[in-house]
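So you can see what is in the structure, the chains are spelled out below.
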Amino acid sequence: MAYDEALAERIRRLVAAEPNLTEKKMFGGLAFLVGGNMAIAASGQGGILVRVDPDQSEKLVSTTPAEPMVMRGKAMDGWLRVDADDVTTKRALSTWVKRGVTYARSLPAKR
């Protein structure tokens with residue numbers, strides 16, 4: 001499955017003013033990176049992939065519709081999946097974009 005281009009465009013509009021923003025095809029989708037660190041992506045599996053503080057992963061999974069990202073059978077702390085149905089509104093998507101961008105900004109920039 002290819003990533004949802006309309007969802008990617010919605011994300012792009014929300015992050016457009018972010019300094020040091022780049023886009024990169026990753027994980028079968030289109031990722032938005034801040035300072036070289038992934039913040040959020042339109043996932044090739046549908047919905048979004050969001051990078052968050054690993055210490056917040058468990059809380060976000062228990063209090064939001066997010067699920068842990070699973071890679072090779074292992075849940076990855078700090079990486080969450082959110083279904084497309086849970087980000088249909090600007091408000092819902094903005095909340096996840098803000099979480100991802102805030103965490104990406106907190107990391108050392110990659111060159």
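Our subject is the structure that appears above.
Summary of the structure given here. (Residues numbered from 1 in each chain as written. Predicted model: local features only at pLDDT ≥ 70, side-chain atom pairs only at ≥ 80, totals over all residues. Heavy atoms only, no water.)

### Focus on the nonpolar core
As a rule of thumb, nonpolar side chains are buried together in soluble globular proteins. Ile 11, Ile 40, Ile 48, Val 87, Leu 93, Trp 96 and Val 97 are the most contacted members of the largest nonpolar core, which has 24 residues in total. Within the residue set of this core, elements represented by two or more residues are helix H1 (5-15), strand S2 (29-34), strand S3 (37-42), strand S4 (48-51), strand S6 (74-82) and helix H3 (90-106). With five residues, H3 is the largest single contributor of residues to this core. Filtering out sequence-adjacent residues up to four positions away, Ile 11 remains in contact with Phe 32, Ile 40, Ala 41, Ala 42, Ile 48, Leu 93 and Val 97. The next biggest cluster of nonpolar side chains, apart from the first, holds seven residues, and it includes Leu 33, Met 38, Leu 49 and Trp 79. (Core = buried A, V, L, I, M, F, W, Y, C linked by side-chain atoms within 4.5 Å. Buried < 20%, exposed > 50% of the residue type's maximum accessible area, 1.4 Å probe, protein only. Helix = DSSP H or I, 4+ residues; strand = E, 2+ residues; numbered from the N terminus. Contact = heavy atoms within 4.5 Å.)

### Some words on the side chain of Ser 43
For Ser 43, the position within the fold is in the loop between S3 and S4. With relative accessibility at 4%, the residue Ser 43 sits in the buried group.

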